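# Secondary and tertiary structure notes
Given next are the chains, with one letter for each unit.
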Amino acid sequence: RGRGAITSTLRERLAPLLVVFGALFAISAPLAFFVMGARELDDRGHSLATQAAETLARYAEEQPVLWRYDSLKLVEHLRYFEAQADVVRIDVLDARGVPIDAASYAPPEEAVAWASAPIVVGGRQLGVVWVGSSRAALRQRALVLFVAFSLLAVVLALLVYAIALRNARVAEDRIAVLVERLAARSMEERVRALRLAAIAAQEEDRRAIARDLHDSVAQSLTAIRIQT
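Calculation rules
- Residues numbered from 1 in each chain as written.
- Predicted model: local features only at pLDDT ≥ 70, side-chain atom pairs only at ≥ 80, totals over all residues.
- Heavy atoms only, no water.
- Helix = DSSP H or I, 4+ residues; strand = E, 2+ residues; numbered from the N terminus.
- Buried < 20%, exposed > 50% of the residue type's maximum accessible area, 1.4 Å probe, protein only.
- Contact = heavy atoms within 4.5 Å.
- Areas by Shrake-Rupley, 256 points an atom, 1.4 Å probe, with all protein chains shown as cover.
- pLDDT = per-residue confidence, 0-100.
- Core = buried A, V, L, I, M, F, W, Y, C linked by side-chain atoms within 4.5 Å.
- Salt bridge = Lys/Arg side-chain N within 4 Å of Asp/Glu carboxyl O.

Attention shifts here to the overall build of the chain. When helices and strands are tallied, the chain shows 3 helices and 3 strands. By residue count, 25% of the 228 residues in the chain fall in the buried class. For the chain, the proportion of contacts with a sequence separation of at least 24, taken over those separated by at least 6, is 70%. Working note: accessible area of the chain is about 16000 Å², and carbon and sulfur atoms make up 62% of it.

Structure representation (structure tokens):
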């Protein structure tokens, strides 16, 4: 294969791998952040629902008859819990599942994560407290984190891509130099072999000429001696 084949092959195989690993890198951290944050919101919702139920249970012990009708007092008791981060509403239902403040009750929102805790007084359940937590802020933070990690993944992928291609080009240049050196050395060896062969042929010719001269001179001298 010609020069640049290593770089071309690396470019074809490295690009999809970097895309896959970049996508995993960009998604994994925000997803883990969102899952952990959702669990934390759920735990906080259960904790707040338990605290609110305990508060209402103590109030019901003090006012066993009027506790469910005194909506203003209930709001006063629940104001602290409603002020907590990501808590959007608190609903109080009696033992039959009827809202305590039915006049101002609104259906639950689907986007809200709910947690509940029973209101128990003297071993009898008087109602249930539902705490709704919004995950909108968590989704926004996860989205910001996703954008940041996506940009970081792009930067890292481009950096790895550029370094890999540069190293491949350097390797190709070194290989080309080695091939040229090997070709030049092979040519030199061939020329040297041809020179040695030429020298050997010349030596052989000289030996043959010397042999011929020796034999002819010897024969001439022998003929002269015989004639004399």
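In regions of low pLDDT, the predicted coordinates are not meant to be interpreted in detail. With 78% of its residues at a pLDDT of at least 70, the chain reaches an overall mean of 79. At the level of individual helices and strands, the chain shows its lowest average pLDDT in helix α2 (residues 71–82), which scores 64, and its highest in strand β2 (residues 112–121), which scores 88.

Here the focus is the nonpolar core. If you look at the biggest cluster of nonpolar residues, it comprises 19 residues, and the most contacted ones within it are Trp67, Val92, Ile119, Leu126, Val129 and Val131. Sorting the residues of this core by element identifies α1 (5–62), β1 (87–94), β2 and β3 (124–134) as the ones contributing at least two each.

Applying the stated criterion to the full structure yields 4 salt bridges. Residues Glu40 and Arg44 are paired through a salt bridge, measuring 3.3 Å at the closest nitrogen-oxygen approach. A residue pair is termed a helical-turn pair when its members lie 3 or 4 positions apart in one helix, as Glu40 and Arg44 do in helix α1 at 4 residues. The class of Glu40 is partly exposed, set by a relative accessible area of 47%. On the accessibility criterion, Arg44 (30% relative accessible area) is partly exposed. Arg96 serves as the salt-bridge partner of Asp94, at 3.5 Å between the closest nitrogen and oxygen.

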